[in-house]
Amino acid sequence: MDGFRIPVGDWAEAVVEFLTDTLGGFFAVIRTIFDGFYDGLEAVLTVPPFWIVILALAAVAWLAKGWKFAVGTAVGLLVIVGVDQWENAMSTLALVLVASLVAIAIAIPVGILAARSDAASRVIRPILDFMQTMPAMVYLIPALILFRVGVVPGIIATIVFAMAPGVRLTELGIRGVDREVVEAGQAFGSSPGRILRQIQLPLAMPSIMAGVNQVIMLALSMVVIAGMVGAGGLGGQVVQSLGRIDVALGFEAGLSVVILAIILDRATGAFGNGWTAPWTRRKAASKQDVAPSPVPEREPALVA
Amino acid sequence: MSATALTDPAAPVASAVHPDPSAAPPSGEAPALEVRGLTKFFGRKPDQALERLRAGASRTELAQLGTAAVIDADFEVRRGEIFVVMGLSGSGKSTLIRMLNGLQEPTAGSVRVMGEQLTGVSAKRVRAIRSEHVSMVFQHFALLPHRTVRDNAAYGLEIQGVPPAARRERAERVLETVGLGGWGDKLPSELSGGMQQRVGLARALAADTDILLMDEAFSALDPLIRREMQEQLVELQQELGKTIVFITHDLNEAMFLGDRIAVMRDGRIVQLGTAEEILTDPADDYVAQFVADVDRARVLTAANVMQAPRAVVAQSAGPRAALRTMLEQETSSALVVTGGRKLVGVVHDRDVLRLVQRGERSLDSAIRTDVPRIAPDVHLAELFATSVEHEAPIAVVDERERLVGVVPRVTLLAALGNVTTETGELPVAVPPVTVPVEVIQATLAGAEAALADARRAGTEDAREDGDLPPAAAATNGGIA
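What counts as what
- Residues numbered from 1 in each chain as written.
- Chains lettered and ligands numbered in written order.
- Predicted model: local features only at pLDDT ≥ 70, side-chain atom pairs only at ≥ 80, totals over all residues.
- Heavy atoms only, no water.
- Buried < 20%, exposed > 50% of the residue type's maximum accessible area, 1.4 Å probe, protein only.
- Helix = DSSP H or I, 4+ residues; strand = E, 2+ residues; numbered from the N terminus.
- Pairing = 2+ DSSP bridges.
- Contact = heavy atoms within 4.5 Å.
- Buried area = accessible area lost by both parts, 1.4 Å probe.
- Salt bridge = Lys/Arg side-chain N within 4 Å of Asp/Glu carboxyl O.
- Polar contact = N/O pair within 3.5 Å; in protein donor to acceptor, adjacent residues only side chain to side chain.
- Nonpolar A, V, L, I, M, F, W, Y, C, P; charged D, E, K, R; others polar.
- Phe/Tyr/Trp six-rings, centres within 6.5 Å; stacked < 30°, edge-to-face > 60°.
- Lys NZ or Arg CZ within 6 Å of the ring centre and 35° of its normal.
- Axes fitted to C-alpha atoms, helices over the stretch in contact; angles between N-to-C directions.
- Parallel < 35°, antiparallel > 145°, perpendicular 65-115°, else oblique.
- Left-handed = near helix turned anticlockwise from the far one by under 90°.
- UniProt positions renumbered as here; feature names shortened; annotations may be inferred.
- Expected span 1.5 Å × (residues − 1).
- Bend = angle between axes of the 7 residues up to and from the residue.

1. What to know about the pairing of strand β16 (residues 403-407) of chain B
Residues and elements named next belong to chain B. Most of β16 sits out of view: five of its five residues are buried. When strand β15 (residues 394-397) meets β16, the two strands line up antiparallel, connected through four bridges. Note that in β16 the partner of I394 across the bridge is V407.

This is the structure in structure tokens:
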């Protein structure tokens, strides 16, 4: 074994060094954009008094699922206020939302591409495997070098880590659309773009929304790790408690993460499963008695 | 794209065996679909496979290279006909229909739609031809589940760029036509299978294309609903005059719907002809085996099986001549026609015998007009009840009430059993005589003697011998 050594690590380092040297400006721009994005969202969530934010989030919950979920959301958020993690929780929420939005914005088009071209799919699949299975903390190292300490390396690492299920489920959803229905579109002279917009995306929507849900859940699970590079929020609290062996703080921060996770999962899950506006809900429910929706019920997944 | 080169009409086999497609007139007179040397091969080496196919290789011989789904299909679909492609699953019929609107790119050969080249043109042009000329109905309906029935029906018009209000209105009208008036606001999932396929049909009809491709369109439906849809399709076709290409694995369906039927086996069209031609003259053992199961009663018509009427007498003929005819034909009844071969009714031997015994000169009092009469295009299935009710053969008359043939019970049974229905060697005598031959002969002899007496008395000239001799009646009464 002596003397046989593949210097993969050195190559990776060289690549990161090369990127820092030649594309430093580009990364600075990205850093500024993400920073601004995050700061703005965090301000919206933390500047108003907590009860206004809770009311607003409860309203979103009502829109998504109804009054029971709205009450549950309000109670959960009040618990977070009660354990004095409100500001941290809102920072984390802002970080999760920014990272998820960017990840979804990348994942869905890539998923569409993979669904339409077998060649693209063959290239993309191993990359996704790599992104998903590489220990998440490893991303932090180049992210730190490229974007310096702060919230941005956390966001970037989160995006990379969380994106894969979005791509996969988008591809799966589009490929799973009944071939005959797509053929019907073609047979009547529809263009490929039109078939995508009018047939494939709408029919793949439950699967795509499941992907969005998974992206958000993975992003939330990543925030603790992002706390290590100074992203703050609940992750910062957990890292702190780990350093001080502070069980109380660790549990309170951890509990807050769980509450956020449940709220986010149920909300996105509801939007994925044939969402209807609350004011039309009763009518829609009675319709479903006549003809069950073809969309299969999806088990709510919770990763936290 | 290798297909472009292969669709060249100058390709050796395509042009050697078939007329040059470019010779067809480009405008109004072109057939709805013109298919020349169409071949589809799924596999890695299409060129090599094509060469071997042209040399006559069968599908199994090419199994190692890939699948030859369709081999050298060559036919025309006339405007306004229902053209059925029939074959078992895997015979290539689905691939064939998908090449007719460009959903599948052929490996070789060409397709012309209403005189316009479909193969080897740009994707955009193909889409334009589809939206203008060809719509399709799918086996599993292929409706857009997130759209209402009305918006589904209007889909083709939407692609054609018809404004929303106009296309909704047209969709609503077509839904009315297929019997779904008032269902426009429902979602497809709220409809039964048969109703969903009506929406599929409405979508195709609303697009108002000349050609309708129907891919196993009724195969997923219950038998009763399928029958109903078949009948409705025939009605619609007669009303709207669309050209329909219908794919099915159900021979009865093929026979019921098809003006012409192409039977496919292992990628090749083994026979192309009308239902009757395929049924009565199958091209090979495969087709023969296939049609053995068909419900012949629903395919064959009276015209296919009817026999020349033999026991026929002219109304002007007297009772003696009628009786003689029946005696010669060994039957107990005869059809009575006017000079113009118009059917008047039927006479039975007992009645005529009585007339002769009474010395009557006219048949009229013995003629019964309740003879069953049908048109030549009636299916045998509809004859059974009539045949049971009447012992006499069923008379086949044309639209001017002229006698063109008869369908005796025996013939009806023979047709179902695929026994030859040709007449000649085995003249069928029905119904059998009910009066002993000796009695008739004695009566005729008696009447003859009485006549001779009368003639001797010089009171009457007996012109009863002006009857149509039975043999002549048979010849003249031959199938028109």
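2. Observations regarding the interface of chain B and chain A
Opposite the 28 residues of chain B that make contact, chain A presents 19 residues. Taken together, the two surfaces of chain B and chain A that pack against each other cover about 2100 Å², and 61% of this comes from carbon and sulfur. It is R127, Y155 and I159 of chain B that lose the most area in chain B upon contact with chain A, and together they represent 25% of the buried surface on that side. At the surface where chain B touches chain A, the tally comes to two salt bridges. Note that E158 of chain B is salt-bridged to R194 of chain A, the shortest N-O span being 3.7 Å. Where chain B touches chain A, the interface holds eight residue pairs in polar contact (both at pLDDT 80 or more). Those elements that provide at least two residues to the side of chain B that touches chain A are α5 (123-133), β6 (134-137), α7 (155-160) and α9 (193-206) of chain B. The element contributing the most residues to the side of chain B that touches chain A is α7 of chain B, with four residues. Here the side of chain B that touches chain A is composed, by residue class, of 13 nonpolar, eight polar and seven charged.

3. Describing the packing of aromatic side chains
Residues and elements named next belong to chain A. One pass over the full model with this rule turns up six aromatic pairs over all chains. Among the aromatic residues, those joined into a ring-pair cluster are F26, F27 and F147. Taking the ring centre of F69 as reference, the NZ or CZ of K65 above it sits at 5.9 Å.

4. Structural notes on the packing of helix α15 (residues 319-329) of chain B against helix α16 (residues 349-358) of chain B
Residue and element names in this part refer to chain B. Remark: α15 packs on α16, axes separated minimally by 9 Å, with the N-to-C direction vectors making an angle of 140°. For the element pair α15 / α16, the angle class is oblique. In the crossing of α15 with α16, the sense of the turn from one axis to the other is left-handed. Here P319, R320, A322, L323 and M326 of α15 lie close against α16, whose contacting residues are D349, V352, L353, L355 and V356. Its residues placed into classes, the contact of α15 with α16 shows eight nonpolar, no polar and two charged.

5. Concerning the UniProt feature "transmembrane region" (unreviewed entry) in chain A
Residue and element names in this part refer to chain A. Per the UniProt record, the feature "transmembrane region" (unreviewed entry) sits at residues 43-62, 69-86, 92-115, 136-164, 215-235 and 247-264. Spanning residues 92-115, this segment combines 100% helix with 0% strand, and its end C-alpha atoms are found 33 Å apart. Secondary structure across residues 215-235 comprises 76% helix and 0% strand; the distance between its end C-alpha atoms is 18 Å.

6. Topic: the environment of A414 of chain B
All names here are of chain B. In this structure, A414 sits in helix α18 (residues 409-416). Residue classification places A414 among the buried residues on the basis of a relative accessible area of 16%. Spatially, the C-alpha atoms of A414 and V305 are 9.0 Å apart, while their sequence positions differ by 109 residues.

7. So, the sheet that holds strand β10 (residues 268-273) of chain B
Residues and elements named next belong to chain B. What the six strands build is an open sheet, ordered β6-β7-β8-β3-β9-β10; its pairing is mixed. Pairing within the sheet leaves two strands with one partner each, and these edge strands are β6 and β10. Strand-to-strand twist of the sheet, defined as the mean angle between neighbouring strand axes without regard to direction, takes the value 20°. Relative to strand β8 (residues 243-248), strand β3 (residues 82-86) is paired through five bridges, and the arrangement is parallel. The residue bridging V85 from the neighbouring strand is I247, located in β8. Here α5 sits on the sheet and contacts β6 and β7 (211-215); the angle it forms with β6, its principal contact strand, is near 70°.

8. Quick notes on helix α1 (residues 8-46) of chain A
Structurally, the α-helix is built with 3.6 residues per turn, so residues lying three or four positions apart point the same way. All names here are of chain A. With 39 residues, α1 should cover 57 Å at 1.5 Å per step; its first-to-last C-alpha distance of 44 Å lies more than 12% under that length. The axis of α1 is deflected most strongly, by about 85°, at L23. The elements touched by buried residues of α1 are α2 (50-64), α4 (86-116), α6 (136-147) and α7 (151-175).

9. A look at the pattern of salt bridges
Summed over the entire model, instances satisfying the criterion amount to 30 salt bridges over all chains. The residue D246 of chain A makes a salt bridge to R244 of chain A at a minimum N-O spacing of 3.8 Å. Taking relative accessible area as the criterion, D246 of chain A reaches 25% and is therefore assigned partly exposed. Among the residues examined, R244 of chain A registers a relative accessible area of 52% and is labelled exposed. Salt-bridge contacts for R98 of chain B lead to D215 of chain B; the nearest nitrogen and oxygen are separated by 2.8 Å. In this pair, R98 of chain B is assigned in helix α4 (residues 93-100) and D215 of chain B in strand β7, connecting sequence segments 117 residues apart. Look at the salt bridges and you will find they share partners, linking D118, R125, E171 and R175 of chain A into a network.

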